[in-house]
Amino acid sequence: MTPVGETPSSVGMWFDPICPWAWMTSRWLLEVEQVRPVRVDFHVMSLSVLNQGRDVPEQYQRLMERGWGPVRVCIAAARKYGDHVLRDLYTALGTRIHLGKQELGPELYAAALTDAGLDPALAAAADETVHDDLLVESHNAGMKPVGTDVGTPVIHTDGPDGERIAFFGPVVTPAPKGEAAGRLWDGVLLVAGIPGFYELKRSRELGPIFD
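Residues numbered from 1 in each chain as written. Predicted model: local features only at pLDDT ≥ 70, side-chain atom pairs only at ≥ 80, totals over all residues. Heavy atoms only, no water.

As for the environment of K101
The condition that has to hold: The numbering of helices and of strands both runs from the N terminus, where a helix is a DSSP run of H or I of at least 4 residues and a strand a run of E of at least 2. When checking whether two residues touch, look at their non-hydrogen atoms; a contact exists if any pair is within 4.5 Å. Two N or O atoms form a polar contact when they lie within 3.5 Å of each other; inside protein one atom must be a possible hydrogen donor and the other a possible acceptor, and for residues adjacent in sequence the pair counts only when both atoms belong to side chains.
Summarising the element assignment, K101 is placed in the loop between α4 (86–99) and α5 (106–115). For the pair K101 and D149, spaced 48 residues apart in sequence, the C-alpha to C-alpha distance is 28 Å. Among residues more than four places away in sequence, those in contact with K101 are R96 and F210. Of note is the side chain of K101, whose polar atom sits 3.1 Å from the backbone oxygen of H98.

Observations regarding helix α3 (residues 58–81)
Threshold: How far a helix is expected to stretch is found by multiplying one less than its residue total by 1.5 Å.
End to end, α3 covers 36 Å across 24 residues, agreeing with the expected 34 Å (1.5 Å per residue, within 8%). Looking one or two residues past α3, G82 carries a phi angle of roughly 115°, positive in sign.

Points about the packing of aromatic side chains
Applied cut-off: Note on aromatic contacts: the rings of Phe and Tyr and the six-membered ring of Trp form a pair at centre separations within 6.5 Å, being stacked when their planes are under 30 degrees apart, edge-to-face when over 60 apart, and tilted otherwise. Consider the ring centre and the ring normal. A charge sits over the ring if Lys NZ or Arg CZ is within 6 Å of that centre and within 35 degrees of that normal.
Counted under the stated rule, the structure contains five aromatic pairs. Each member of the aromatic cluster is reached from another via a ring pair, and the members are F15, W23, F42 and Y90. If you follow R27 out to its NZ or CZ, it ends over the ring of W23, 3.9 Å from the centre. The positively charged end of R27 is found above the aromatic ring belonging to Y90, 5.7 Å away from the centroid.

Points about the sheet that holds strand β2 (residues 38–44)
The line we're drawing: Pairs of strands are assigned from DSSP output, requiring at least two bridges between the strands. To get an axis, fit a line to the C-alpha atoms, keeping to the stretch in contact for a helix; angles then go from 0 to 180 degrees between the N-to-C directions.
If you trace the four strands from one edge of the open sheet to the other, you get β2-β1-β3-β4, paired in mixed fashion. Two strands close off the open sheet at either side, each with one partner strand: β2 and β4 (164–168). Direction aside, the axes of adjacent strands within the sheet are offset by 20° on average. Pairing geometry for strand β3 (residues 154–158) and β4, over five bridges, is antiparallel. If you follow I155 over to β4, its bridge partner there is F167.

Read these as spatial facts, not as claims about activity.
So, in structure tokens, the structure goes:
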């Protein structure tokens, strides 16, 4: 927890509700909040926006077509209530999508909005393009500092020297808890804050472990 009188560092995470790896990272960041002086603010990026015009496998393309719905709902909710509602709305959406394995669609969106204490009528935004300019704006704000050859999760935060840094990842499963979450945060900040450091990777042998 943040000591009394200490201002927490601002951490921004850009998510797409349909991405299981972003969900894992978001749950880790909520753990980090409990053991390090940080405050996470959630923002919307869109895999559907990212992959527009790209040659992707047919199955993934179908997912991208359905993926417009949840990000449009998130943007509509943020437009009506403010970005702060994205924390609870993302949790509500992710719980139903990743833990409940519910199908994307109006029923899921309305239920998640209700879970977050928001107007369930905003579920209709899933099929509307009226806020797509705001969606693209939010997406670009998150992705511009890291480039377009990565997806989500994307994190922006203050580096060890106080400069704002941005990076993709970490991709981790299961999400570390307690002090283990804090140690991972310390390590991520250390490497991401080094000028010229770009990549640390190994083959992924496990799928998302939701617990």
